[in-house]
Amino acid sequence: ASRRLLLPASNSRQRCYTVNGTSAMNSNRNYITSRTVLLVLGLIVPLFTGTGQDQGYLFNRPVSIEILPGYRSWSIGDGDSMQVGQFATTFRLDVPLGSSVTLSASGAPHSMTGDPESVSGMSDTHLGLTWVESDANLVAAVGVNLPTGKSGLSVDEFATSLLAGNRVLMFRNPQFGQGLKVHPNLLWAVPLSKTVAAGIGAGYHYRDSYTPVTGAGAYDPGDEVLVTAGLDISVGETAALSFDAVY
């Protein structure tokens, strides 16, 4: 697949972007061309272990394993262009623990090639535990980000990872190690009528400090408290209006 994006030129290599832009603000533009080869060789392995009556533990829901390798590369600029690419293999495991609890784990070893320097290593490992109480319309979840990812990058390695972290490039795993994180969440939803449903949620995100660049000292991203509310209104069999508020 090939994709072209317009990026204003900048000596500092910081670029804003316009996707599928049809007008140019000035003639000093660089073209970014994506030569994308996606090896979406998804492997989803359902491991059925029987019903609750048979096993007493897993209830009709399969354990699933996903292994998703992929490669994507970009060429940025004309002539002496910058190059950046990534090969990553994402692993995800979902294990039902009874009829209402699910344990999940995911991670991704990946290799980033490009300018100014290539870098490779593991991402952080993500663990999650979700509990659903359908009778009370409650969902409780806790996620833990284990600091297994590579940190303490060199300045050039960090510059490559910073470029790859631009969302417009759509790399699947643009980040390496980002320290320990713990984020419990609680969600509650209730139908107000046959066509209207409302919900509210709250969460706390703890983020420990980590060292992204060697010699630059520890970086503390800070903690976060999040409160959300939403309202869904059905306006037909296939359409709905949604209103959300986030604090």
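Scroll up to find the structure.
Residues numbered from 1 in each chain as written. Predicted model: local features only at pLDDT ≥ 70, side-chain atom pairs only at ≥ 80, totals over all residues. Heavy atoms only, no water.

Caption draft 1: Quick look at the overall build of the protein. Broken down by element type, the protein carries two helices and 15 strands. Burial status across the protein gives 29% buried among its 247 residues. Contacts in the protein between residues at least 24 apart in sequence constitute 54% of all its contacts with a sequence separation of at least 6. Carbon and sulfur atoms form 59% of the exposed surface of the protein, whose accessible area is close to 14900 Å². (Helix = DSSP H or I, 4+ residues; strand = E, 2+ residues; numbered from the N terminus. Buried < 20%, exposed > 50% of the residue type's maximum accessible area, 1.4 Å probe, protein only. Contact = heavy atoms within 4.5 Å. Areas by Shrake-Rupley, 256 points an atom, 1.4 Å probe, with all protein chains shown as cover.)

Caption draft 2: Examining the pairing of strand β7 (residues 101–107) more closely. Burial analysis of β7 places five of its seven residues in the buried class, the great majority of the element. Pairing geometry for strand β6 (residues 82–96) and β7, over six bridges, is antiparallel. Bridged to L93 within β7 is A105. Hairpin connection from β6 to β7: four residues lie between these consecutive antiparallel strands, with G98 at a positive phi of about 95°. Pairing of β7 with strand β10 (residues 125–133), which is carried by six bridges, proceeds in the antiparallel orientation. Counterpart to T102 in the pairing with β10 is T130. (Pairing = 2+ DSSP bridges.)

Caption draft 3: Up close: helix α2 (residues 155–164). Residues E157, T160, S161, L163 and A164 constitute the buried set of α2. Burial along α2 is one-sided: seen end-on, the buried residues are contained in an arc of 160°. Those residues of α2 that are exposed and aimed more than 90 degrees away from the buried face are V155 and L162. Buried residues along α2 sit in contact with β5 (63–76), β6, β8 (109–114) and β9 (119–122). (Arc of directions from axis to C-beta.)

Caption draft 4: Focus on the packing of aromatic side chains. Summed over the entire model, instances satisfying the criterion amount to one aromatic pair. Centroid distance Y210 to Y219: 5.9 Å. Interplanar angle 85°. Geometry classified as edge-to-face. Among the residues examined, Y210 registers a relative accessible area of 14% and is labelled buried. (Phe/Tyr/Trp six-rings, centres within 6.5 Å; stacked < 30°, edge-to-face > 60°.)

Caption draft 5: Representation of the environment of S120 within the structure. On the secondary structure map, S120 appears in strand β9. Judged by its relative accessible area of 41%, S120 is partly exposed. As a C-alpha pair, S120 and F176 span 56 residues in sequence and 8.7 Å in three-dimensional space. Contacts of S120, omitting those with residues within four sequence positions, involve H110, S111, K150 and F176.

This is a description of form; function is not addressed.
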